[in-house]
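Survey of secondary and tertiary structure
Listed here are the chains, written in short residue letters.
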Amino acid sequence: MDQLLANNPLLLLFLVAAVGYLVGKVNIKGNSLGVSAVLFVGLAFGAVNPAFNVPQVIFQLGLVFFVYSVGLSSGPAFFQSFKNNGLRDISFVMVMLTITALVAIGLFWLFGFDAASITGIYSGSSTNTPALASVIDLVERRGETGGKDIKDALVIGYTYSYPMGVIGVMIVLKLMERFFKIDYKKEKELLKQNYPLEEELSSKAVKISNLQLHGQTLRDITNNSKLNILFGRVSSGEDTTLANWDTIIHMDDILIIIGSIEELKLATQYFGEETEDNITYDRREYDVRRIFVSNPKIVGRRISSLNLSEKYSAVITRIRRGDMDMLAKANTVIEMGDRIRFVARRKDLEGLSKLFGDSYYKSSQVNLFSFGLGIALGLLLGSIEIALPGNTTFKLGMAGGPLIVGLVLGAIRRTGPIVWTLPYGANVTLRQMGLIFLLAVIGLSSGNKVLESLESPLWITIFIGGVLLSMISAFVSIIIGYKLFKIPFSLLLGFLSNQPAILDFATGMSKNKVPLIGYSVMFPIALVMKILFAQVLFLVLGG
């Protein structure tokens, strides 16, 4: 069996990926390793037989796929974060990462680690595999003397510090939650105005009994009430029509409202009362349908730019993207693979289907031209040398270049006829496959060296260094973020969630989606900066 796997690198690669994915699904007290388990399974296989290796191009392919797809999906949130408390949030993320780097430098001098070991500890404690991969890529590009030993030291540092990079942060989050006596419900209410914290969307039929609303347009009502809802059909007497912003409301009209459960409760009280006379059940003239977006001509465009009301009697009430439903606003940008919910005249539904495409097959396809061109641009950017003090040069490499280009193209979304973004499902698949590939290769190439390191007490020192780095950094970051930057604790949970297991833990603590907002702001910035910090840390401390 050993010989078979040694002679068939692809068989070995997918066996490691399969077993690693299975191990990552094992749940212990609500926590699991997830895809990261592929690294540890790869280390186990590599320890069994040093001849277990796969071509280095697999590692490079995995790294590029992962960082580019992350960039595309995170680009809009990355640049949008500048608009709402962006300077504060991004400044804090930079301070948080700088604190971690400074603590790493302190441990470097305190314990006498070499540059490779402390860089590995830094990457492991921050659970950032692309940072580790970028330094390995840097070592290979520079042709370092003793390159194999340096890469082994990087992986050993990463491996022994990774577990506490997850567990240590969880412990600090729980301790600080009790210390500050956090009220998550109160924080959520304060954050609703600035962040999209929609819960599960629903609809209600309300009867207008508020006399003050009689004769007003829905535009005026929405502006005065500040309610975050949309409108479907409106029934006035015997007539049922689609609501628009110029629709005038009268007493005893029946109006369909769409929004989150909490907003619907407030809106019902504001308009009048809920009624059992639900006109959504009347499908004689108007019907409801979900339509897939598969037409590239409308991808990347705002709903308002489509001018649907000129040709169709239809309104878009909500959009489902991935696992999330969102209210369809005028400035909402359409993405490939979105499922759009329409209320429209029955005779207009066919035309709407043609306009949006409504093909699940086409909505799942990857545009290989834009995908390949984007990665090529990223690799070109990554190959540019940047001069640093001390006659040293720095490159963004295969990790930084494609990531930055992905962020920019993801925010742009389209250039003329070229759609840069990927369908949601395709993006998730490419990201996961890329991460699995690079984790498997790193594990297989360093497994034997990790096994040998157990014979030396150095691994204990590395483990202690990882514990100190993760917990001190998290503790100081929370103090500064909560007290100095005045960031709500719920958002801080997301800022410090540098691994999916931590994010799940944080979401469970808050019992709401606020940590996800913090994570979406932090993740692309942190991913870029950790890659840069790791390389600079290695270059500076390595002399």
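Located above this text is the structure these notes cover.
Reference entry: report on the structure contained in this document. These numbers were taken from a predicted model, which means no experiment stands behind them.

The rules behind each value
By convention here, each chain's residues receive numbers from 1 onward along its written sequence. In keeping with the model being predicted, local features are shown solely for residues with a pLDDT of at least 70 and side-chain atom pairs are shown and tallied solely at 80 or more, while totals for entire chains, interfaces and linings include all residues. Values reported for side chains reflect all heavy atoms of the structure, with hydrogen atoms and water molecules removed beforehand. Only when DSSP finds a minimum of two bridges between them are two strands counted as paired. The helix and strand labels rest on DSSP assignments: H or I over at least four residues marks a helix, E over at least two residues marks a strand, and numbering proceeds from the N terminus. Lines fitted to C-alpha atoms define the axes, with helix axes restricted to the stretch in contact, and inter-axis angles between N-to-C directions lie between 0 and 180 degrees. Only heavy atoms matter for contacts: two residues are in contact if any of them lie within 4.5 Å across the pair. Patch definition: residues with relative accessible area over 30% and no salt bridge; like charges joined within 9 Å; nonpolar side chains (Val, Leu, Ile, Met, Phe, Trp, Tyr) joined within 5 Å. Calculation of accessible area relied on Shrake-Rupley with a 1.4 Å probe; when residues are assessed, cover is drawn exclusively from the protein chains displayed. Salt bridge, as applied in this entry: a Lys or Arg side-chain nitrogen positioned within 4 Å of an Asp or Glu carboxyl oxygen. Relative accessibility under 20% of the residue-type maximum defines a buried residue, over 50% an exposed one, and the middle range a partly exposed one, all with a 1.4 Å probe and only protein chains included. Stacked, tilted and edge-to-face are the three classes applied to pairs of Phe, Tyr and Trp rings, where Trp contributes its six-membered ring and a pair requires centres within 6.5 Å; stacked means planes under 30 degrees apart, edge-to-face means over 60, and tilted covers the rest. These descriptions rest on fixed angle ranges, namely under 35 degrees for roughly parallel, over 145 for roughly antiparallel, 65 to 115 for roughly perpendicular, and the rest for oblique. By the convention adopted, Pro, Cys, Tyr, Trp, Phe, Met, Ile, Leu, Val and Ala count as nonpolar, Lys, Arg, Asp and Glu as charged, and the other residues, Gly among them, as polar. Expected span, for any helix, means 1.5 Å times one less than how many residues it has. As used in this record, nonpolar core signifies buried Ala, Val, Leu, Ile, Met, Phe, Trp, Tyr and Cys residues forming a set joined through side-chain atoms within 4.5 Å.

1. Points about the sheet that holds strand 9 (residues 339–345)
- Sheet architecture is open: four strands sit in the order 6-9-7-8, paired in antiparallel fashion. The sheet is open, and its two borders are formed by strand 6 (286–292) and strand 8 (324–327), each paired with just one other strand. Mean inter-strand twist for the sheet, computed between neighbouring axes without regard to direction, equals 25°.
- Bridging between strand 7 (residues 314–321) and strand 9 involves six bridges; their strand directions are antiparallel. Across the sheet, residue Arg318 finds its bridge partner in strand 9, namely Arg341.
- Of the strands in this sheet, strand 6, strand 7 and strand 9 touch helix 12 (residues 349–356), which is tilted by about 15° from strand 6.

2. Notes on a nonpolar patch on the surface
- Among the surface-exposed residues, Ile460, Phe463, Ile464, Leu468 and Ile472 lie close enough to one another that they form a single nonpolar patch of about 370 Å² accessible area.
- Within the secondary structure, Ile472 is located in helix 17 (residues 458–484).
- Given the relative accessible area of 37%, Ile472 is considered partly exposed.

3. Digging into the sheet that holds strand 4 (residues 254–260)
- Taken in spatial order, the five strands line up as 3-2-4-1-5 in an open sheet, and their pairing is antiparallel. The sheet terminates laterally at strand 3 (239–242) and strand 5 (272–274), the two strands that pair on one side only. Sheet twist, expressed as the average angle between the axes of neighbouring strands with direction ignored, equals 30°.
- As judged from the three bridges shared by strand 1 (residues 201–208) and strand 5, these two strands associate in the antiparallel manner. Bridging from a neighbouring strand, Val206 pairs with Glu274 of strand 5.
- Running at roughly 150° to strand 4, helix 11 (residues 261–271) makes contact with strand 1, strand 2 (230–236), strand 4 and strand 5 of the sheet.

4. As for the packing of aromatic side chains
- Within this structure, the stated rule accounts for 17 aromatic pairs.
- With centroids separated by 6.0 Å and ring planes inclined at 85°, the aromatic side chains of Tyr482 and Phe489 adopt a geometry described as edge-to-face.
- By the ring-pair criterion, three or more aromatic residues cluster together here, those being Phe179, Phe180, Tyr184, Tyr482 and Phe489.

5. Quick word on the packing of helix 7 (residues 129–142) against helix 15 (residues 397–412)
- Put simply, helix 7 and helix 15 touch, their axes get as near as 7 Å, and they point 125° apart. Relative to helix 15, the element helix 7 lies oblique. Residue-level contacts link Pro130, Ser134, Asp137 and Arg141 of helix 7 to Gly397, Met398 and Ala399 of helix 15.
- Across the contact of helix 7 with helix 15, the residue classes tally to three nonpolar, two polar and two charged.

6. A closer look at the pairing of strand 8
- When strand 7 meets strand 8, the two strands line up antiparallel, connected through four bridges. Opposite Arg318, over in strand 8, you have Leu327 as the bridge partner.

7. Digging into helix 3 (residues 37–48)
- With 12 residues, helix 3 extends 17 Å between its outermost C-alpha atoms, agreeing within 8% with the 16 Å of an ideal straight helix rising 1.5 Å per residue.
- Along helix 3, the positions that sit buried rather than exposed are Ala37, Val38, Leu39, Val41, Gly42, Leu43, Phe45, Gly46 and Ala47.

8. So, the nonpolar core
- With 109 residues, the main nonpolar core has Phe489, Phe495 and Leu496 as its most contacted residues.
- Element by element, the count of residues in this core is highest for helix 20 (residues 514–541), at 19 residues.
- For Leu496, the contacting residues outside a window of four places in its chain are Phe92, Met96, Val169, Leu173, Ala474, Ile478 and Ile502.
- Counting residues in each nonpolar core, the second largest holds 30 residues, with Met326, Leu327, Ala344 and Val419 among its members.

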